[in-house]
Amino acid sequence: MLDTLEFVLRILFFILSIIWAGKIMILRTDKQIVINPLLIIISSLLVILPPTNKGIELLGMSIQNIKITLYCIYLVIVVIGIYATNKKNGIF
């Protein structure tokens, strides 16, 4: 079940990354200065984590759970960023 969840989150990660890249190219806002470094850090952590099939644990959690958590955090940040750049509101 976690494999399926991770696969779905990878697809959402890909789609929202493309949307966010489009927002970066079209809009240049000061909100992106806050959001982009967070997304880069999370993406780099996802890249350096080992494959989930090795059964390695880190900080008492399996690598797969850590990846799922990082994907969810990334997706939430991108959705909030898209909302913040679409609306003229005072989120940041």
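Procedures and definitions
Within each chain, residues carry numbers counting from 1 in the order of the written sequence. For this predicted model, a pLDDT threshold of at least 70 governs which residues receive local features, and a threshold of 80 or more governs which side-chain atom pairs are given and counted, while totals over whole chains, interfaces and linings are taken from all residues. Where side-chain values are given, they derive from all heavy atoms of the structure, hydrogens and water being excluded. Here a Phe, Tyr or Trp ring, Trp counted by its six-membered ring, pairs with any other such ring whose centre lies within 6.5 Å, and the pair is stacked when the planes are under 30 degrees apart, edge-to-face when over 60, and tilted otherwise. Under the DSSP-based scheme used, a helix requires at least four consecutive residues in state H or I and a strand at least two consecutive residues in state E, with every element numbered from the N terminus. When a residue's accessible area, from a 1.4 Å probe over protein chains only, is under 20% of the maximum for its type it is buried; when over 50% it is exposed; and in between it is partly exposed. For the purposes of this section, nonpolar cores are sets of buried Ala, Val, Leu, Ile, Met, Phe, Trp, Tyr and Cys residues that join through side-chain atoms within 4.5 Å. In this analysis, two residues are considered to be in contact whenever any of their non-hydrogen atoms come within 4.5 Å of each other.

**Q** Got a sec to walk through the packing of aromatic side chains? Specific residues and values, please.
**A** Evaluation of the coordinates by the stated rule reveals two aromatic pairs. Measuring from ring centre to ring centre gives 5.4 Å for Phe 13 and Tyr 71, while their planes differ by 75 degrees; the resulting arrangement is edge-to-face. Taken together, the residues Phe 13 in helix 1 (residues 2-26) and Tyr 71 in helix 3 (residues 63-86) connect sequence positions 58 residues apart. Of the two residues, Phe 13 and Tyr 71, neither departs from the other in class, the shared state being buried. Taking the centre distance of 4.5 Å and the plane angle of 50 degrees together, the rings of Phe 13 and Tyr 74 count as tilted. Taken together, the positions of Phe 13 in helix 1 and Tyr 74 in helix 3 put the pair 61 residues apart, joining distant regions of the chain. According to the relative accessible area criterion, Tyr 74 is buried, its value standing at 5%. Grouping aromatic residues by their ring pairs yields a cluster made of Phe 13, Tyr 71 and Tyr 74.

**Q** If you had to explain the nonpolar core to someone new, which residues and values would you point to?
**A** Judged by nonpolar contacts, the single largest core of 19 residues is most densely connected at Leu 39, Tyr 74 and Val 78. Elements supplying a minimum of two residues to this core: helix 1, helix 2 (31-48) and helix 3. Counting residues per element, this core draws most heavily on helix 3, which supplies 10 residues. Setting aside anything within four residues of it in sequence, one finds Val 78 in contact with Leu 16, Trp 20 and Leu 39.

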